Amino acid sequence: CKAGYEPMKSRGFTLIELLVVLAIAAILAMMAAPSFKRILQSGAMSSNVNTFLTDMRFARSEAIRYGGNVVMCRSDDPEGASPVCDAGAGPGNNGWVSGWIIFHDLDADTVIDAGEQILRIQAPITNINSIVETTPNIYRFTATGRLLAVAGGGESQLSFGSSPTFDTSVRRVVCVGLSGRARVAGDGSTSCP
């Protein structure tokens, strides 16, 4: 070597080192993907269940405030120019994911007539595949916050999510009693009493 000459030192990665790091990252990403999907599904489920429960509480409190006749019902086109309550399981038998409306039903006929105020509209839900009732209901709240009736008797049961998209542990069951209160009964394996 010549005096005063130093060889250049490498300050980067070799191609082999880079490929090894990328391979390890790919393996870790593949292992984490199922857990990440479950976290996303759980978040979507919680958000939609909470939205439904919040709207039930809202309809109940508005019925108390207005002295009764507040309706919460499923609608095939809640954002349309003239939304209506729709019976049955809805498009694709997916139930309440098509959306719902809450309105003050002055003449108690469950139809939005001229002069009846729409209090809230829920747009169609796209991040879960179904919200299905065992017996379809139109929830009509009285001045005391109770429901006028529940089809099938004691409690109405709504199942949020269905297989194969959602595992049983991610799905939720919501019960709505004659008292007008809605509650989460548990995961997809539970049912309302």
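Residue indices begin from 1 for each chain and proceed along its sequence in written order. Only residues with pLDDT of at least 70 are given local features in this predicted model, and only at 80 or more are side-chain atom pairs given and counted; all residues enter the totals for whole chains, interfaces and linings. Side-chain numbers here rest on the full set of heavy atoms in the structure, without hydrogens or water.

Now for the environment of T134. With respect to the helices, strands and loops of the structure, T134 is situated in the loop between β4 (131-133) and β5 (139-141). Any residue under 20% of the maximum accessible area for its type is buried, any over 50% is exposed, and the rest in between are partly exposed; the area is computed with a 1.4 Å probe on protein chains only. Looking at T134, the relative accessible area reads 56%, which means it is exposed. Taking the C-alpha atoms as reference points, T134 and W100, separated by 34 residues in sequence, lie 17 Å from one another. Here a helix means four or more residues in a row that DSSP labels H or I, a strand means two or more in a row labelled E, and each is numbered from the N terminus.

Take the pairing of strand β2 (residues 100-104) next. Of all five residues in β2, five are buried; the element is thus mostly enclosed. Burial along β2 is two-sided: the residues W100, I102 and H104 and I101 and F103 are all buried. The criterion for strand pairing is that DSSP finds at least two bridges linking the strands in question. In terms of strand pairing, strand β1 (residues 70-74) meets β2 through five bridges, oriented antiparallel. Counterpart to V70 in the pairing with β2 is H104.

Further remarks concern the side chain of R171. Looking at the element boundaries, R171 is found in the loop between β6 (155-160) and β7 (172-177). Of the side chains with opposite charge, D167 lies nearest to the buried R171, which makes no salt bridge, at 6.7 Å. Of note is the side chain of R171, whose polar atom sits 3.4 Å from the backbone oxygen of F166. Beyond its immediate sequence surroundings of up to four residues, R171 is in contact with M45, F160, G161, S162, S163, F166, G186, D187 and G188. In this charge count, Lys and Arg are treated as positive and Asp and Glu as negative; neither His nor the chain ends contribute. Just to be clear on terms, a salt bridge is a Lys or Arg side-chain nitrogen sitting within 4 Å of an Asp or Glu carboxyl oxygen. As used in this structure description, the phrase polar contact means that two N or O atoms lie within 3.5 Å; if the pair is within protein, one of them must be able to donate a hydrogen and the other to accept it, and residues adjacent in sequence are counted only when both atoms belong to side chains. Any two residues having at least one pair of non-hydrogen atoms within 4.5 Å are treated as being in contact.

With respect to the helices and strands, T110 occurs in the loop between β2 and β3 (118-122). Once residues lying within four places of it in the same chain are set aside, the contact partners of T110 are V71, C85, F103, D105, I138 and R140.

Summary statistics for the protein chain give a mean pLDDT of 87 and a share of 92% for residues scoring 70 or more. Taken element by element, the protein chain is modelled with least confidence in β4, mean pLDDT 88, and with most confidence in β2, mean pLDDT 96. Confidence per residue, as judged by the predictor, is encoded in pLDDT with a range of 0 to 100.

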